[in-house]
Amino acid sequence: MNTLITLITAGITFGTVLMYGTLGEILTEKSGNLNLGVEGIMYMGGAFGLAGAFYYEKAVGAAAIGPVAIILAILAAFVAGCAASAIYSFLTITLRTNQNVTGLALSIFGTGVGQFVGELMRVKEGGYVALSNSLKNAFSASVFPGFFVKIPIVGPILFSHTIFFYLAIILAIAMWFYLSKTRSGMYLTAVGESPATSDAAGINITRYKYLATIIGGGISAIGGMVYIVTTAGCVWNHEGLSGVGWLAVALVIFCVWRPLNAIWGSVIFGAMMIMYLRVAIPFIPTQLYKILPYVVTVIVLIITSMRNSRDKQPPASLGLNYFREER
Amino acid sequence: MRKTLSVLFVLLIASTLVFAGGASESSTGGAEASDATTVKVGLICIGDENDQGYTFNFIRGRDEATEILAAEGINVEWMTIYNIGEDASCIDANIEAAEEGCEIIINNSYGFEPFMLEVVDDYPEIEFISCTNCASVFDGRDNTHNAFANIYEGRYIAGVVAGMKLQQMIDEGTINEDEAVIGYVGAFSFAEVISGFTSYFLGARSVCPSVTMKVMFVGSWSDATAESDAALALIDEGCVMISQHSDNTTPATAAQSRGVFHTGYNNDMTGIAPEASLIGTRIDWGIYFSELIRNYVNGEEIPQDWCAGMGEGAVVMTPLNEAIAAPGTAEKIAEVEAGIADGSIQVFDTSTFTVGGEELTHAFALDTDGDFTADSEEAVFDGAFHESLFQSAPYFTVQIDGIEWLNAAY
Amino acid sequence: MSESSKTPFVRLAKRTDIDPRRAMLIRIASIVIALILGTIPMIISGTNPFEAYSVIVQGSLLRRTYLNQTVKIAIPLLGCALAIAPCFKMRFWNIGAEGQITIGAMCATYFALYWYNRVPHLVLLLMMFLVSLIGGGIWALIPAFFKAKWNTNETLFTLMMNYIAIGIVAWLQGGPWEGRKGSQLIPMFNDAARLPDFNFMIGIGEHEFSLTSHVGLIFILILVVLMYIYMNKTKQGYEIAVIGDSVNTARYAGMNVGNIIMRTMFISGAISGFVGFLTVSGANYTLFSGVADGVGFTAITVAWLSQLNPFAMIVISMMLAVLEKGANTLQTRLQVPASISDIITGILLFTMLSCEFFINYRLIFRGRAAKEEKA
């Protein structure tokens, strides 16, 4: 029981990172754009998010306060992610390049930019780049008073997390509300399912695709920043984010494109990634635990395609560009 | 279109040829003549300063050696290559350093050695150093060397500091005797790490008899996330003191966030975790680097296998965090340091530990036939296991009683 | 609806008749633009772009060893782009080359580690070669089977297979195949399991050009020709092209689309597996989980930018290899982070992808359109 609680708590720590990556990509894919650049976007988010907080603290010194640093880090990461996915959007939507290839190119580009910025900060500072303990604390502390955290079972599971976790939950709910309860959200879904029909119905496809992809990229990027300022201890980590973005892409499938599923899905994936440190299952080498999320995703993918149930499919136009004149 | 492409390709090749022909005289590979007082040294690192640990410590050693040698009139031009993996990219990094004119190339991580050895024969005039590994000593080549320091001595003292803190907590009733559990974040279950945490544990038990230890391996020298996760997992298992043999500071951060204590490696981590980190120990690579480069410049022999300990200043303790350490710790450190230096304290004194309930009477030190199992040179004699005597790289691989391995799969 | 009722400012028209020379010019221009944009990170890091580019060229081409290193990087890129080409022609989005390389390398490594003293040198290499083909092929066949049978999304499936393959090798590395206990390293291959090097020399005028590479280079160059023939001159190549155009057409024509998908993917995976064999046996001399090193992904862009033309792939893969190798020297000489190669590669991909738009479409601006209609 105790193991289970600690596993969930630890799963949430890494799961929060994934949740942002996944929610962003869900929004993107809902518009029919398969953005495989999440890996690069999250790298950029990590580097720019850290840079935002670091240079803020450098500018104001000891006067730096946590909430401002958090907001700046989120903003910096979000803007970086938006910029990256704006490139992707321009290429795939306006210039009609292949989505898979463009996404991979963005992956390479973003990873490069992230590592470049991370490294450059170190070179310019002539040593390591780290935030002060008080800011570090602001990023990694629970938002609830210690009293709540100490409640048995419920305390660690519900109240012991950073602000980023609760923001992610709010975001997931908001996104669910948007996609299924608002007119605009339904239009977006329609664009992803059948751009031709939506176009005929007078929906401005281009605008929906652009906005969903750019905002989605911004949200994904926040995940990279959360990784750096929580699990990586507020220092730039050269290889730390590698594979996280791809895991987020996998998670989108696992969640069958539903924002609310992302909440528990990312906690499960997060737990699977650290399970090798916590739970030993006889006969399965702990190293192989790390591939569990991917195996599970493959199984989900196969089952949904075999069952062919309509509500669990990818958006019908996912990965395909829309050419009006070829309608 | 294809025609144009092939034209382009030919152009590319042709321009390459012209450039290559033109450049062939100017570049002569690694053996560029250097003037007597300047020496170019390559340092290939597994991480960068951001780890504030392992690589950071090497960089500090680099800068220290530069200073020492500058005073002697030797200029060192460093070429530092960061963030190289323990994989084939290390081959490329060594070639790069050699081609860029380095006369000495230092590989800072254990897993670099096999890849480094792929390159060394192409550059017989360059000296290659593999820190912390052990194959270069015995490979019969003159230009490959190993180096390590007796870090187990420093870990023993860090263990003493941790043990005193635990004993204080027991005496004050914060924890009872059975709760004095140390959690140790290890990189891999292999000799260097085993030797390190065993010495640490023996140090702690020398002042806190009821202490026990749990070890968790993360399967990587440098993985900030996994190290943090492992530390948290250990704390969840009831550990009240965390130590580490891994490159990052995240175990210290994790300890601080959960209100337990910590001792560090490679760096003074009291700044990062002022309420948790008691002390750290590190290798002072400046001692070795300066000796190495001085010998090279003076044409003296470079040791095939360099090893030094606290006595030579190659292993040092970082400042004690007086605010949270148990009273009397500083005095005790001085006493143990002196004991290690004059040999009155043997870290692996076989009367202080048991293996499977029995005293250790036999263990081999070296592997001579390449099957990765030690098969020669008896390390146990005169009532102690003699670590780092036959080679600089540690060879203590015994699992002693009192230390529980939570995962041994690595 | 109001938008479509008035004439938009700019209209698009597909064109198929562009002059090939002009198309080539556009492509070259896109490369130039990318190189210009690539100066931005250089300037940010405080480096003179001219100096930086010159170091990149020096560090990748202008010294024997560096040229060898560059070619070493280009070989797997080229090989893997060749592997991907038939899949992409079929509009089957195999982004699992990374995993197929890894599995091919893994299969070859088994024989390198446990059979090197049982069979003669050449037989050993042949065995490694064959199992790498089979291993990579089967790894690719799995998603193809589900695609053929249940139309399972292959992009996502092959992507997941990458990480499963990498995870398996990570396990072998720290488990059954580990060398020194706890080292997490598989021992280096015995000489018997290594591909021989060869020295390639030609003299042009007074210049002597020499290149040392493992023999894999020869095989990959032969493969370029074979792949060209396969895709353009054989029945199977034709079938692939038809499916790529329209699955329905292929069905009406009586083709067994499922079988063709599986066959093509097996071939593709087998070539990727072969690349894995070349990498462990010719370049790395051991196996580790990062053996594919992103090649599977980069090669996709190589294949696409070459418009699936095997000969063009030589140029593109060499170009990316120059950037990657040159950036390493850039880092050691001018302290510009080597990740700049990824940035420039990314920019290059962006501009080259975009330029196809200007080759395939004509932009008709409002004013000019009216004039044209009158004429």
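Please refer to the structure higher up on the page.
Residues numbered from 1 in each chain as written. Chains lettered and ligands numbered in written order. Predicted model: local features only at pLDDT ≥ 70, side-chain atom pairs only at ≥ 80, totals over all residues.

Visitor: Mind laying out the overall build of chain A, listing which residues take part and the relevant values?
Guide: For chain A, the count of helices and strands is 14 helices and zero strands. What you see in chain A, going N to C, is helices and strands ordered as α-α-α-α-α-α-α-α-α-α-α-α-α-α. The dimensions of chain A, computed from C-alpha atoms along their principal axes, are 60 × 50 × 35 Å. Taken over 327 residues, chain A has a buried fraction of 58%. A separation threshold of at least 6 residues defines the contact pool for chain A, and within that pool the share at least 24 residues apart is 79%. (Helix = DSSP H or I, 4+ residues; strand = E, 2+ residues; numbered from the N terminus. Buried ≥ 20, exposed ≤ 12 C-beta atoms within 10 Å, placed from the backbone. Contact = placed C-beta atoms within 7 Å.)

Visitor: Account for the nonpolar core, naming residues and giving values.
Guide: In terms of nonpolar packing, the biggest core is built from 358 residues, with Ile 44 and Ile 293 of chain B together with Leu 77, Ala 81, Ile 84 and Ala 303 of chain C touching the most fellow members. When residues in this core are grouped by element, the largest group, 16 residues, is from helix H5 (residues 64–89) of chain C. Lining this core are residues from two domains, each supplying at least three of them: domain 1 (29–150) and domain 2 (151–282 + 316–405) of chain B. Dropping the residues within four chain positions of it, Ile 293 of chain B is found in contact with Val 39, Val 41, Ala 65, Leu 69, Ile 74, Val 76 and Ile 104 of chain B. (Core = buried A, V, L, I, M, F, W, Y, C linked by C-beta atoms within 7 Å. Domains from an automatic or database assignment.)

Visitor: Explain the sheet that holds strand S9 (residues 261–265) of chain B to me, using residue names and the numbers behind them.
Guide: All names here are of chain B. Within the open sheet, the seven strands sit side by side as S12-S10-S9-S8-S6-S7-S17. Their pairing is mixed. Unpaired on one side and paired on the other, strand S12 (315–317) and strand S17 (403–405) mark the two borders of the sheet. Strand after strand, the sheet turns through a mean of 20° between neighbouring axes, direction not considered. As defined by bridge partners, strand S10 (residues 277–283) adjoins S12 across three bridges and the pair is classed as antiparallel. Paired with Arg 282 across the strands is Val 316, a residue of S12. The sheet strands contacting helix H8 (residues 250–258) are strand S6 (181–186), strand S8 (241–245), S9 and S10, and the helix crosses S9 at an angle near 170°. (Pairing = 2+ DSSP bridges. Axes fitted to C-alpha atoms, helices over the stretch in contact; angles between N-to-C directions.)

Visitor: Kindly report on the interface of chain C and chain A, identifying the contributing residues and their values.
Guide: At the interface, 43 residues of chain C touch 44 residues of chain A. When residues of the side of chain C that touches chain A are traced back to their parent elements, those giving at least two are helix H7 (121–150), helix H8 (154–174), helix H13 (295–305) and helix H15 (340–360) of chain C. The greatest single-element share of the side of chain C that touches chain A, amounting to twelve residues, is contributed by H15 of chain C. Of the residues in the side of chain C that touches chain A, the class split is 26 nonpolar, 15 polar and two charged. (Nonpolar A, V, L, I, M, F, W, Y, C, P; charged D, E, K, R; others polar.)

Visitor: Go over the environment of Leu 360 of chain B, please, and point to the residues and values.
Guide: Residues and elements named next belong to chain B. Mapped onto the elements of the fold, Leu 360 is located in the loop between helix H10 (329–342) and strand S13 (364–366). Remark: the alpha-carbon pair of Leu 360 and Ala 384, spanning 24 residues in sequence, is separated by 8.8 Å. Excluding residues that lie within four positions of it along the chain, Leu 360 makes contacts with Thr 350, Val 355, Val 380, Phe 385 and Val 398.

Visitor: Now, about helix H14 (residues 310–334) of chain C: what can you tell me, with residues and values included?
Guide: Residue and element names in this part refer to chain C. Compared with the 36 Å implied by 1.5 Å per residue over 25 residues, the 35 Å span of H14 between its first and last C-alpha is a close match. Summarising burial for H14: 20 of the 25 residues are buried, a large majority. Taken from the residues just after H14, Gln 335 is the one with a positive phi, measuring 55°. (Expected span 1.5 Å × (residues − 1).)

Visitor: Lay out the pairing of strand S3 (residues 104–107) of chain B in plain terms, naming residues and giving numbers.
Guide: Residues and elements named next belong to chain B. Residues of S3 alternate between two faces, with Ile 104 and Ile 106 on one and Ile 105 and Asn 107 on the opposite face, all of them buried. Bridge count between strand S1 (residues 38–44) and S3: four bridges; the pairing is parallel. The residue bridging Ile 44 from the neighbouring strand is Asn 107, located in S3. One ladder, built from four bridges, connects S3 with strand S4 (residues 127–131); its direction is parallel. Within S4, the residue paired with Asn 107 across the bridge is Ser 130. As for the winding sense of the linkage, the β-α-β connection from S3 through helix H4 (residues 113–119) to S4 is right-handed. (Right-handed = clockwise from strand over helix to strand, strands pointing away.)

Visitor: Describe the sheet that holds strand S5 (residues 144–149) of chain B, and please don't skip the residues or the numbers.
Guide: Residue and element names in this part refer to chain B. In space, the six strands of this open sheet follow the order S2-S1-S3-S4-S5-S11, with parallel pairing throughout. Two strands bound the open sheet, and with one partner strand each, they are strand S2 (75–81) and strand S11 (305–308). On average, adjacent strands in this sheet sit at an angle of 20° to one another, irrespective of strand direction. As judged from the four bridges shared by S5 and S11, these two strands associate in the parallel manner. Bridge assignment links Ala 147 to a residue of S11, and that residue is Trp 306. Contacts between helix H2 (residues 54–71) and the sheet are confined to S1 and S2, with S2 contributing the most and set at about 165° to the helix. Relative to S1, helix H3 (residues 89–99) is tilted by about 170°, and along the sheet it contacts S1, S2 and S3.

Visitor: Describe the environment of Phe 350 of chain C, listing the residues and the values that go with them.
Guide: Structurally, Phe 350 of chain C can be placed in helix H15. Separated by 319 residues in sequence, Phe 350 of chain C and Ile 31 of chain C place their C-alpha atoms 9.8 Å apart. Here Phe 350 of chain C is in contact with Ile 87, Leu 91 and Ala 105 of chain A, once residues within four sequence places are set aside.

Visitor: Describe the pairing of strand S3 (residues 207–214) of chain C, with residues and values.
Guide: All names here are of chain C. Where strand S2 (residues 197–204) and S3 come together, eight bridges link them in antiparallel fashion. By the bridge assignment, Phe 198 is partnered in S3 with Ser 213. Between S2 and S3, which pair antiparallel in sequence order, lie two residues; one of them, Gly 205, sits at a positive phi of approximately 60°.

Visitor: Residue-level account of the environment of Ala 172 of chain A, with values.
Guide: Residue and element names in this part refer to chain A. Mapped onto the secondary structure, Ala 172 falls in helix H8 (residues 163–181). It is 9.8 Å that separates the C-alpha atoms of Ala 172 and Thr 22, two residues lying 150 residues apart in sequence. If we skip the residues at most four places from it in the chain, Ala 172 touches Met 19, Leu 23, Pro 259, Leu 260, Ala 262 and Ile 263.

Visitor: Provide a residue-level description of the packing of helix H1 (residues 2–30) of chain A against helix H13 (residues 259–278) of chain A, including the pertinent values.
Guide: Residues and elements named next belong to chain A. The interhelical angle for the contact between H1 and H13, taken along N-to-C directions, is 130°, at an axis separation of 5 Å. Between H1 and H13, the angle falls in the class oblique. Regarding H1 and H13, the two cross each other, and that crossing is right-handed. Of the residues contributing to the contact of H1 with H13, the split by class is 19 nonpolar, eight polar and one charged. (Parallel < 35°, antiparallel > 145°, perpendicular 65-115°, else oblique. Left-handed = near helix turned anticlockwise from the far one by under 90°.)

Visitor: Outline H8 of chain A, supporting the account with residue identities and numerical values.
Guide: Residue and element names in this part refer to chain A. Over its 19 residues, H8 extends 26 Å from the first C-alpha to the last, a length consistent with the 27 Å expected when each residue adds 1.5 Å. Every buried residue belonging to H8 is among Phe 164, Phe 165, Ala 168, Leu 171, Ala 172, Met 175 and Leu 179, and all of these are buried. Angularly, the buried residues of H8 cover 115° about the axis, an arc narrow enough to put them on a single face. Seen from the buried face of H8, the exposed residues on the opposite side, beyond 90 degrees, are Ile 170, Ala 174 and Lys 181. Packed against the buried residues of H8 are H1, helix H9 (183–193), helix H11 (205–229) and H13. (Arc of directions from axis to C-beta.)

Visitor: How would you explain unusual backbone geometry if you had to name every residue and give the values?
Guide: One non-glycine residue, Ser 388 of chain B, lies in the positive phi region at around 55°. Residue position: Ser 388 of chain B is located in the loop between strand S16 (384–385) and S17. Of note in this structure, Gln 307 of chain C is not a glycine but carries a positive phi near 50°. In this fold, Gln 307 of chain C is placed in the loop between H13 and H14. On the neighbour-count criterion, Gln 307 of chain C (14 C-beta atoms within 10 Å) is partly exposed.

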